[in-house]
Amino acid sequence: MRVKNKKTLIISTLLCCYLQFSHTVLANTPSNTQLTLVPEQLYSPLPSDVVPELASLGKFKVGVKTIEIVNPDQFDAATQTTKDRKLVVEVWYPSNTTSTSIKTSYENETRTGIEFSLQANAYRDAVVLSPNDDTKFPLVVISHGYTGYSTIMFYLAEHLASHGYIVAAIDHTDSTNADVDFNINPVSGFFSTLLNRSRDQQFTLNYLTKMTHFASAAIDNNKAGLVGYSMGGFGAINTIGACYNFTPATASAFTGLKDPEQVQKVMSLLNSCAGGQYKNASVDHKWQAVVAMAPWGGQHNLFKQEAMAKMNTPILYVGGSLDDISGYDGIKSLYEKTGSKDKYLLTYQNARHNIAPHPAPSVSKISEIDIGHYYEASWDSLVLNNTNKHFTLAMMDCYLKQQLDQCEYLDLSSSSNQVAVDGKTPKPWKGFDHRYSTGMNWHMSK
């Protein structure tokens, strides 16, 4: 017992000294001095045999640029007034770079506000590659969850850009790690998230395909894809036609309002369709492929069933069989209610909700609230990321670029596990090597 207490005392003393040292360093750092964060490399190379085929890097070098766009006169949930809604958007694109160019990094913070820097495989503010008139690059919009940030799926954005896409990932105002203090009021931005997720997606598409900007000459203005994770998926399904169906009970539960008159007003405000439309709503024809990862809302029946039945955009749903945030049954019900003739459901067996983010940065490993934003108990994040890259590229190549051979990667058997039947082992899923496609299920309707 004394040995255990002695060890505890030593550990406590060391921790105390470390904290005192940290506080001393910070106290003696001039207030106008910016501490430099060293970019962390989250990914290491793997043999090609264990990586899905379409997860391989494309032929283009990748540039990245941060832009700010403004959607004027939008309803602000916090002030109950209209004001300009500013969005920060990270844009990746095929680029012309030189061999002397230095790759950039992505800076952000955890849910508890710890800053970190991640090594990128892209070049900051590099020149956009000029395509031929008949080979402009389709646009893909990426939308994070609650809470999150634009680079939480940077691996996917860089991957798509290397294969000839322009990718725009949104920092959804009121819904980022920086905007929401999880210790004081973790739901402070949720009303805004419900209201604005689809609107932000549509406005980003409108801006990048209709306005003049640094990459406007390179974008194919008629073809766009959408990737949404969690609340980003909630928005994405609405963006392609699944009108919201908030009731007084759900409107009250998810906004915190109790007064019946206020609940009725907010319910009317929330029940929009296709990026904030209310009457005679129509889906933008440019949306031609969607990937909805762990989409929220199905478990609460927040979409009109008749509207979902009329959806016709090709869509891939991705979910964990043990998702305890969006609920796997809710995700599967969205797939089943979707009317699109080309629809798919990829299931990661024994995964929960964190199937989309990049691997956990080192600073997040101090507390559960931070690492719980990234960590999956039964899956390695690198495996999830590579698989997401493979299937997302297949969807975009198949439906945006009309590359029919890429559609074959979506024509799969129901199980990836290669379980022997009558002594015969099935072939692996297309794009996967023998023994390296386990733990997944596939549903499709074509």
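Residues numbered from 1 in each chain as written. Predicted model: local features only at pLDDT ≥ 70, side-chain atom pairs only at ≥ 80, totals over all residues. Heavy atoms only, no water.

Peer 1: Is there a simple way to think about the state of the cysteines in this case?
Peer 2: By definition, a disulfide links two cysteine residues through a covalent bond between their sulfur atoms. Under the criterion given, the structure shown has two disulfides. Paired by a disulfide, Cys243 and Cys273 hold their sulfur atoms 2.3 Å apart. Between Cys243 and Cys273, the disulfide has an S-S torsion of -70° and is therefore left-handed. Here Cys243, found in the loop between helix H4 (231-239) and helix H5 (248-255), pairs with Cys273, found in the loop between helix H6 (260-270) and strand S10 (287-293); they are 30 residues apart in sequence, far enough to count as distant. We classify Cys273 as buried; its relative accessible area is 6%. Here Cys398 connects covalently by a disulfide to Cys407, the sulfurs 2.0 Å from one another. For the disulfide bridge between Cys398 and Cys407, the dihedral angle about the S-S bond is near 95°, and by the sign convention the bridge is right-handed. The exposure class of Cys407 is buried, given its relative accessible area of 12%. (Disulfide = S-S within 2.5 Å. Helix = DSSP H or I, 4+ residues; strand = E, 2+ residues; numbered from the N terminus. Buried < 20%, exposed > 50% of the residue type's maximum accessible area, 1.4 Å probe, protein only.)

Peer 1: I tried to follow H6 on my own but got confused; where do I start?
Peer 2: Since the α-helix advances by 3.6 residues per turn, residues separated by three or four positions end up pointing in the same direction. The set of residues buried in H6 consists of Val263, Val266, Met267 and Leu270. End-on, the buried residues of H6 take up no more than an arc of 105°, which puts them together on one face. Residues of H6 that are exposed and point more than 90 degrees away from the buried face comprise Glu261 and Lys265. In this fold, the buried residues of H6 make contact with helix H3 (190-210) and H5. In this structure Asp259 caps H6, since a side-chain oxygen of it lies 3.1 Å from the backbone nitrogen of Glu261. (Arc of directions from axis to C-beta. Contact = heavy atoms within 4.5 Å. Polar contact = N/O pair within 3.5 Å; in protein donor to acceptor, adjacent residues only side chain to side chain.)

Peer 1: Which parts of the structure should I look at to understand the side chain of Glu158?
Peer 2: Relative to the elements of secondary structure, Glu158 occurs in helix H2 (residues 154-162). Among buried Asp, Glu, Lys and Arg side chains, Glu158 stands out as unpaired, with Lys389 the closest opposite charge at 7.6 Å. Side-chain polar atoms of Glu158 contact the backbone nitrogen of Asn121, separated by 2.8 Å. Setting aside residues no more than four positions away along its own chain, Glu158 makes contact with Val62, Trp92, Tyr106, Ala120, Asn121 and Ala122. (Lys, Arg positive; Asp, Glu negative; His and termini not counted. Salt bridge = Lys/Arg side-chain N within 4 Å of Asp/Glu carboxyl O.)

Peer 1: Whenever I open this one, the confidence of the model for the chain confuses me. Can you help?
Peer 2: Regions with low pLDDT carry predicted coordinates that are not meant to be interpreted in detail. Considering every residue of the chain, the mean pLDDT works out to 92; 91% of them sit at 70 or more. For residues 1-33, every residue scores under 50 in pLDDT, and the model assigns this stretch two contacts once sequence neighbours within four places are set aside. (pLDDT = per-residue confidence, 0-100.)

Peer 1: I keep staring at the packing of H3 against H4 and nothing clicks. Help me out?
Peer 2: When two helices pack together, you describe them by how their axes are tilted relative to each other and by the distance separating the axes. Their axes nearest at 8 Å, the elements H3 and H4 cross at an angle of 50°. Considered as vectors, H3 and H4 are oriented oblique to each other. Judged by the twist between their axes, the crossing of H3 over H4 is right-handed. Side by side, H3 and H4 meet where Phe190, Thr193, Leu194, Arg197, Ser198, Gln201 and Gln202 of the first sit next to Met231, Gly232, Phe234, Gly235, Ala236, Asn238 and Thr239 of the second. (Axes fitted to C-alpha atoms, helices over the stretch in contact; angles between N-to-C directions. Parallel < 35°, antiparallel > 145°, perpendicular 65-115°, else oblique. Left-handed = near helix turned anticlockwise from the far one by under 90°.)

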